[in-house]
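# Analysis of the macromolecular model
One-letter residues, chain by chain:
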Amino acid sequence: MAFTFAAFCYMLALLLTAALIFFAIWHIIAFDGLKTDYKNPIDQCNTLNPLVLPEYLIHVFFCVMFLCAAEWLTLGLNMPLLAYHVWRYMSRPVMSGPGLYDPTTIMNADILAYCQKEGWCKLAFYLLSFFYYLYGMIYVLVGS
Amino acid sequence: MSAPRFTNLNTSVGYSLNSTPNGGSAPPYQNGPVGQTYTSTHSSTGYYGVSPHEQSYPAVPGNCAPAPRKSHITNNDHSAYYHHNSYQQTIGAPTVPSGYGETPPHHPASQPYGVPAPAAPPNHQHAPSFQQPAPYTPPGAYYGQRQYPTSQVQHHPQQPTLVSAPPVGPGAPMYPIVSYPSAPGSSQYGTLRSSRAPTDSGAIPNLMGAPLHQYPPGNGPTESAAVSPGYSVAPTSQQATVNGQVNAGTVYTSVAVSVSLPNQSDEKSSSSQVSLHCSDPPPGGDSSSTTTDSVSPVPNSYDSLEGGSYPESSVPPSVDEAKQAPPFGYGYPSMQPAYQQGPPPRTDSSPSHCGYNQTGYQHLSQPFPSMSQLSAALGGLSGVPELEVEALRPVNLLQERNLLPLRPLEAPEPHLSADLKKANCSPNTFRCTLTNIPQSQALLNKARLPLGLLLHPFRDLSQLPVITSNTIVRCRSCRAYINPFVSFLDQRRWKCNLCYRVNDVPDEFMYNPVTRSYGEPHKRPEVQNSTVEFIASSDYMLRPPQPAVYLFVLDVSHNAVEAGYLQVCCQTLLENLDRMPGDTRTRVGFVTFDSTIHFYNLHESLSQPQMLVVSDIDDVFIPTHDSLLVNLKESKELVRGLLTALPGMFFQTRETHSALGPALQAAYKLMSPTGGRVSLFQTQLPTLGHGLLQSREDPNQRSTTKGVQHLGPATDFYKKLALDCSGQQIGVDLFLLSSQYSDLASLACVSKYSAGSIFYYPSFHHVRNPAQLDKFRKDLERYLTRKIGFEAVMRIRCTKGLSIHTFHGNFFVRSTDLLSLANVNPDSGFAVQMSIEESLADTSLACFQAALLYTSSKGKRRIRVHTLCLPVVSQLSDVYAGADVQAITCLLANMAIDRSISSSLSDARDALVNAVVDSLSAYKSTVSNLQQSGLIAPASLCLFPLYVLALLKQKALRTGTSTRLDERVFAMCEFKTQPLQQVMRMVHPNLYRVDAMSDQGALHLSDCVVPQPHLLHLTAEKLTREGAFLMDCGSVFYLWIGKCCNQMFIREVLGCPNHASIPPNMTHIPELENPQSERLRAFLAWLQDSRTFSSTLHVVKDDASGKTSFFQYLVEDRSESAFSYYEFLLHVQQQISK
């Protein structure tokens, strides 16, 4: 039982995923607020947009860590989300600031529903990966 | 929340309350308070602060999961009422003493007012109501300021009223009275079930049964759970069965008949029903009796009120009926038939309820015969055979060549009863793509037609009832305004037609200002007209109403001077300065810009305008804060001086740059304290400072058939600025007068999101393009003098179950059903896509209400309310029969434009073609049983392929024909903002032959005779060399003169000796004194009357170069890159058979 770099990566990922779960929940709540008329879309987009890049960067960060640790399976599992993030950011509306959400289109029922669904899917993914990392960490710790 | 709710609901308390009233003393008391609180309640409705309530509304359907708290409160109340009502019925029922007996706990309470009752119940009600605000606050309703507590106060009174109804003791003589109130109560819930129910005798007991059924749980601990279903779910399920049994359209009609007949007979024959006649008196009687009671605080005023109404109400039923029928949009009384047949309730779980039910609904049937008949009739109407048959007549498109009607197409009429039809909103203002609303999303999907609304809410109206009253009567749950389609359960209560909540009729509403009589709430103008305007009180204001503020931002760069618009613009402004809407507070200001920004100090004390130049365009500031926007009245001379001098001031300018972005920022800063209108005149691509743009158009790609690029904005600068403006109630209107590419796609954003309007004059030049100059002048004149509304919001409410999917137009969407419009003008239209979230099976009518709250130019806060009512159908064929092809086309155009911006143009075009293919194939496979080959469409949709083909050939959506990017983008903007009639004229112009017009079939107006030539298909086939043809394209008329046209026509109408001598750029028709000329001019003037912007006229000679612009509108002909109509049909057919 040794504390390897891979184990460190998993522990880090575990922590960061917890943060990502928080991000996802935050998004879901925010979009729900929009849907039920609680919030002004401009304010809501202003609070959400700064969170988008950090979320993506955190994810990229531990993907790179896994790459360095040569945890191929874990990396492979994360690739789809990574690709999705890249695509999502590339196809964002014309905006001068960072972020994805445009207050003028966010109230469109389709876009709102999409964003909400995206939030739920990500939440599920992060939750699953949280437990996977936990498992991975123990596995690495025990195995080495 | 749940705990308190519980208690209050805990219907048992409420119950006892109820029973007390039975004692007879209670009602007055309760009534009294109602009257009192009423005003306060209303005042509490915040300026759209109201919204919180509305907001709560959507939650209801979604129900429990996401926001249980909000919705529940109301729900519970409802349910509570419900129970009370039903309860009372039983009590009241003379025949059923047992029922009475069943209520033992309450019974004792029947002693007057018993100690506990009056005080306690209100409290209970209150407790929850006070909490209500809490959940709402978060919405941070933009317009804030609602005082919940007060409004809730009203709330509680209501319950008492309900209670009060059965004032009479169990005593036999009073009995009729009892029935009166109870009936409405039951129908309240009955409402949820559609009027179709009637046929099914079993259904009724069922209906009654279900809610009752829930009743016991209501008392029990599970209240919250039980209640909400009682309200929403339960009915649906019942409905399902009902529908199953009563589907066919024909059945409906028969139902209607059967229902109404029995009704009448009932009234006259059965003794129990006699009570009906007496039913009205109760309120009066009540109040009087109550007055005597010590408890009632304000008996007198109330009494008098009632007294007024009393005589009226005691009129025999037939009269009653006549009077009351019209206003009742919903009658659910459909239950009657069941009643008569009197089958035992079949679903009832417990025997005890049985007895309950029967008695209950006996009363039900009695109260408002008129209402029930009406509703039954309504239900029946949903399948009106003749009209439908015509609308559904299968048309083989490939064979029938003359599809166009002789006169321009009218909007299809919804199949409603005559009363409702009469009250319904004008199709010019409010139109739905499907005049028969499908009852579920599944049915809508099957029809493959878009569901949506087209609105022209601020249209200039010749007749508009304006209502000034202290209390604007609105539903307490969904905040809908009272309208012709609500139902009055009795004199004191009305049921909202959108959310079905039962509300009190405030005392003030009992007085009818028109007839000056009391007791006729259903005759008030609000209830007689579906388009009304209210003068709003200060509750509808966030701040004092703003004055009219106009800021003109003028481009004075070299390019602008060269184009020469400044002269015309200033001239027109000068001429119309006094005609601009406003009052003594009206303020104006001017900003000009090239590479720097110039402000004009127009302070009244100055002898001449003082120009202040700001050259720091990276960080714009306002040089002086007062006197840049000046009172028009006080500084009129200076303003005039400035306008006279302006064109000359920049005559020699060599500055070619344009700092548009900074100028707009300056305008924003200048206007933000007040809000108002910014009119921006721009002649070139902005080249300096923030928001500078590059040319993105590749002229070689203009006629490409591949994707068109750059339809979206290049930067979000203008969008952000527009959002800022919108937040400060500033609307920006853009006039783009440019001869080169100016990236309208980016610039338009500034108007799009600030609810402005966009005008574009391609290749504008004051010398070289006189037609454009003329158009600009006329447009500007209309623009300056048209009505304007400031700081506006528009909310669209619809019947529970329908929801808004997407909005189209110029505005900012602030929440799911609220549009923020910094300015609203009478020329802009809106489109709304709808979706059906919950089945509408339990209602027979769907209603839509658009409420536009704005500040008039005179500083009055006003609310314009439009309400549209449409039948709900369950048959696919009915959906097709009610399709409004023009509205569908417009909505599709809007959707296609969204698609082409978000995805690609070719995608949008494909989607349009698919819309035709899908709907026609769906029709073929499901509705028409004809197995014949060919392309079959229902008559209601026979023009659909033609219109879609025309759409595909529009500048906005065409490919393969050389189209400038700016013109394309402008055409897109037009589609999104123009009202339906205008869009249709653009899409499918009207072509008339005018050289041989006669007075046959002419329209005789007061001062002239307008000939009505027939519409012709848009194909060169219809043009003959011997004729003269007029094409009406909305903003432009083309008069095409054939080569061999009758010499006399040319001489008499155009004043030219022959065809060859007609000048090439003729743009108006001389006023000649002969019948031919007079006829044509009368016709043109008549066409012009129907639109607000004046259209220009082009005389096109057969051989002239102007021919191409004329021929591009002949959409049925093949062009270089597009199908002819016949080819298009073949293509569609091929797609269908695939």
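Thresholds, definitions, all that
Residues numbered from 1 in each chain as written. Chains lettered and ligands numbered in written order. Predicted model: local features only at pLDDT ≥ 70, side-chain atom pairs only at ≥ 80, totals over all residues. Heavy atoms only, no water. Helix = DSSP H or I, 4+ residues; strand = E, 2+ residues; numbered from the N terminus. Buried < 20%, exposed > 50% of the residue type's maximum accessible area, 1.4 Å probe, protein only. Contact = heavy atoms within 4.5 Å. Areas by Shrake-Rupley, 256 points an atom, 1.4 Å probe, with all protein chains shown as cover. Right-handed = clockwise from strand over helix to strand, strands pointing away. Pairing = 2+ DSSP bridges. Salt bridge = Lys/Arg side-chain N within 4 Å of Asp/Glu carboxyl O. Buried area = accessible area lost by both parts, 1.4 Å probe. Nonpolar A, V, L, I, M, F, W, Y, C, P; charged D, E, K, R; others polar. UniProt positions renumbered as here; feature names shortened; annotations may be inferred. Axes fitted to C-alpha atoms, helices over the stretch in contact; angles between N-to-C directions. Polar contact = N/O pair within 3.5 Å; in protein donor to acceptor, adjacent residues only side chain to side chain. Phe/Tyr/Trp six-rings, centres within 6.5 Å; stacked < 30°, edge-to-face > 60°. Lys NZ or Arg CZ within 6 Å of the ring centre and 35° of its normal. Core = buried A, V, L, I, M, F, W, Y, C linked by side-chain atoms within 4.5 Å. Parallel < 35°, antiparallel > 145°, perpendicular 65-115°, else oblique. pLDDT = per-residue confidence, 0-100. Disulfide = S-S within 2.5 Å. Expected span 1.5 Å × (residues − 1).

Time to look at the overall build of chain B. Looking only at helices and strands, chain B has 44 helices and 34 strands in total. The buried share of chain B, taken over its 1138 residues, is 66%. Partitioning the intrachain contacts of chain B with sequence separation of at least 6 by distance along the chain shows that 79% fall at a separation of at least 24. Put simply, chain B shows about 37100 Å² of open surface, and 54% of that area lies on carbon and sulfur atoms.

Let us look at the pairing of strand 18 (residues 730–738) of chain B. All names here are of chain B. In terms of residue burial, strand 18 counts as a mostly covered element, since nine of its nine residues are buried. Burial along strand 18 is two-sided: Ile730, Val732, Leu734, Leu736 and Ser738 and Gly731, Asp733, Phe735 and Leu737, pointing in opposite directions, are all buried. For the handedness criterion, the β-α-β arrangement of strand 17 (residues 676–682), helix 31 (residues 717–727) and strand 18 is classed as right-handed. The sheet contact formed by strand 18 and strand 19 (residues 758–762) spans five bridges and is parallel. Within strand 19, the position partnered with leucine 736 by the bridge is tyrosine 760.

This brings us to the pattern of salt bridges. Residue and element names in this part refer to chain B. By the definition in use, this model includes 34 salt bridges over all chains. Residues arginine 393 and glutamate 400 are paired through a salt bridge, measuring 3.7 Å at the closest nitrogen-oxygen approach. Here glutamate 400 falls in the partly exposed class, since its relative accessible area comes to 32%. The salt bridge involving arginine 585 is made with aspartate 583; its shortest N-O contact spans 3.7 Å.

To continue, consider the interface of chain B and chain A. Contact residues are listed per partner, giving 25 residues for chain B and 19 residues for chain A. Taken together, the two surfaces of chain B and chain A that pack against each other cover about 1800 Å², and 55% of this comes from carbon and sulfur. Inspection of the region where chain B meets chain A yields one salt bridge. Counting residues per element, the ones that place at least two in the side of chain B that touches chain A are helix 31, strand 21 (802–808) and strand 22 (812–815) of chain B. By residue class, the composition of the side of chain B that touches chain A is 11 nonpolar, seven polar and seven charged.

The next subject is the UniProt feature "transmembrane region" (unreviewed entry) in chain A. Residue and element names in this part refer to chain A. In the UniProt entry, the feature "transmembrane region" (unreviewed entry) is given for residues 7–29, 56–82 and 123–142. Within the segment residues 7–29, helix and strand shares are 100% and 0% respectively, and the terminal C-alpha atoms sit 33 Å apart. The span residues 123–142 carries 100% helix and 0% strand; its end-to-end C-alpha distance comes to 28 Å.

A few words on the sheet that holds strand 21 of chain B. All names here are of chain B. Spatially, 2-4-24-21 is the arrangement adopted by the four strands of the open sheet, whose pairing is antiparallel. The open sheet has two edge strands with one neighbour each: strand 2 (430–432) and strand 21. Strand-to-strand twist across the sheet, computed as the mean angle between neighbouring axes with direction ignored, equals 25°.

Further remarks concern the environment of Leu670(B). Residue and element names in this part refer to chain B. Examined against the element boundaries, leucine 670 turns out to sit in helix 30 (residues 660–671). Take leucine 670: its relative accessible area is 8%, and that puts it in the buried class. Along the primary structure leucine 670 and methionine 984 are separated by 314 residues, whereas in three dimensions their C-alpha atoms are 39 Å apart. Leucine 670 has contacts with Leu551, Val591, Phe599, Ile622, Leu628 and Leu629, leaving out every residue within four places of it along the chain.

Residue and element names in this part refer to chain B. Along the chain, glutamate 533 falls in strand 11 (residues 531–535). The buried category is assigned to glutamate 533, whose relative accessible area is 0%. Among the polar contacts made by the side chain of glutamate 533, one reaches the side chain of arginine 862 at a distance of 2.2 Å.

Moving on, we get to the packing of aromatic side chains. Residues and elements named next belong to chain B. Taken as a whole, this structure holds 43 aromatic pairs over all chains when the rule is applied. Counting every residue linked through ring pairs, the aromatic cluster contains Tyr565, Phe681, Phe735, Phe759, Tyr761, Phe764, Phe776, Tyr783 and Phe1093. The ring of tyrosine 481 is capped by arginine 474, whose NZ or CZ atom sits 4.2 Å from the centre of that ring. Its guanidinium or amino end placed over the ring of tyrosine 783, arginine 677 lies 4.2 Å from that ring's centre, counting from NZ or CZ.

The residues that UniProt annotates with the feature "domain: Sec23/Sec24 beta-sandwich" (unreviewed entry) are residues 789–873 of chain B. In this annotation, residues 789–873 of chain B is assigned 0% helix and 71% strand; the end-to-end C-alpha distance for the span is 37 Å.

All names here are of chain B. Among the nonpolar cores identified, the biggest contains 185 residues, and Leu397, Leu453, Phe599, Phe848, Tyr880 and Phe944 are the most heavily contacted of them. Of the residues forming this core, the biggest block, 10 residues, is contributed by helix 37 (residues 905–926). Setting aside residues no more than four positions away along its own chain, tyrosine 880 makes contact with Leu392, Lys446, Ala447, Leu449, Ser919, Ala922, Tyr923, Thr926, Val927, Pro938, Ser940 and Leu941. Judged by nonpolar contacts, the second largest core, of 43 residues, contains Tyr600, Leu643, Phe650 and Leu737.

Residues and elements named next belong to chain B. Packing of helix 30 against helix 31 leaves a shortest axis separation of 11 Å and a crossing angle of 10°. Compared by their axis directions, helix 30 and helix 31 come out roughly parallel. Residues Leu660, Gly661, Leu664, Gln665 and Tyr668 of helix 30 pack against Phe717, Tyr718, Leu721, Asp724 and Cys725 of helix 31. Here the residues of the contact of helix 30 with helix 31 sort into seven nonpolar, two polar and one charged.

Here we come to the confidence of the model for chain B. Residue and element names in this part refer to chain B. On average, chain B scores 71 in pLDDT, and the residues at 70 or more come to 65%. The low-confidence segment residues 1–384, where pLDDT is below 50, has 697 contacts with residues more than four positions distant or belonging to other chains. The ipTM value of the predicted complex is 0.92, and its pTM value is 0.72.

What follows deals with helix 38 (residues 944–952) of chain B. At 3.6 residues per turn, the α-helix brings residues three or four places apart onto the same side. Extensive coverage of helix 38 of chain B is indicated by the burial of nine of its nine residues. The inward-facing, buried residues of helix 38 of chain B contact helix 36 (885–902), helix 37, helix 39 (965–977), helix 40 (980–987) and helix 44 (1125–1137) of chain B.

What follows covers the sheet that holds strand 33 (residues 1036–1041) of chain B. Residues and elements named next belong to chain B. The strand order across the open sheet built from five strands is 31-28-32-33-34, with neighbouring strands paired in mixed fashion. Each having just a single partner strand, strand 31 (1015–1016) and strand 34 (1096–1101) make up the two edges of the open sheet. As judged from the two bridges shared by strand 28 (residues 990–993) and strand 31, these two strands associate in the antiparallel manner. Across the sheet, the residue bridging to tyrosine 992 is leucine 1015, located in strand 31. Packing against the sheet, helix 41 (residues 1047–1054) makes contact with strand 32 (1028–1032), strand 33 and strand 34, and its axis sits at approximately 145° to strand 33.

All names here are of chain B. Enumeration over the complete set of coordinates arrives at zero disulfides over all chains. With no disulfide of its own, cysteine 496 has cysteine 478 as its nearest cysteine by sulfur position, at a separation of 3.4 Å. Among the residues examined, cysteine 496 registers a relative accessible area of 0% and is labelled buried. Here cysteine 890 stays free of any disulfide, with the sulfur of cysteine 432 as its closest cysteine sulfur at 13 Å.

Topologically, Thr1096(B) is positioned in strand 34. Those residues within four positions of Thr1096(B) in sequence are excluded, and the remaining contacts are Ala771(B), Lys775(B), Ser1035(B), Val1036(B) and Phe1037(B).

Here we take up the environment of Pro826(B). Residues and elements named next belong to chain B. Looking at where proline 826 falls in the secondary structure, it is placed in the loop between strand 23 (818–824) and strand 24 (830–836). For proline 826, a relative accessible area of 1% gives the class buried. With 266 residues separating them in the primary sequence, proline 826 and threonine 1092 have C-alpha atoms 8.8 Å apart.

Along its 13 residues, helix 39 of chain B runs 19 Å from first to last C-alpha, staying within 8% of the 18 Å computed at 1.5 Å per residue. Extensive coverage of helix 39 of chain B is indicated by the burial of 13 of its 13 residues.

Glancing now at unusual backbone geometry. All names here are of chain B. Residues other than glycine seldom take positive phi values, yet arginine 448 does so here, at roughly 60°. Mapped onto the fold, arginine 448 is located in the loop between helix 24 (441–447) and strand 4 (452–455). A relative accessible area of 46% means that arginine 448 is categorised as partly exposed. Of note in this structure, glutamine 729 is not a glycine but carries a positive phi near 65°. You can see glutamine 729 is positioned in the loop between helix 31 and strand 18.

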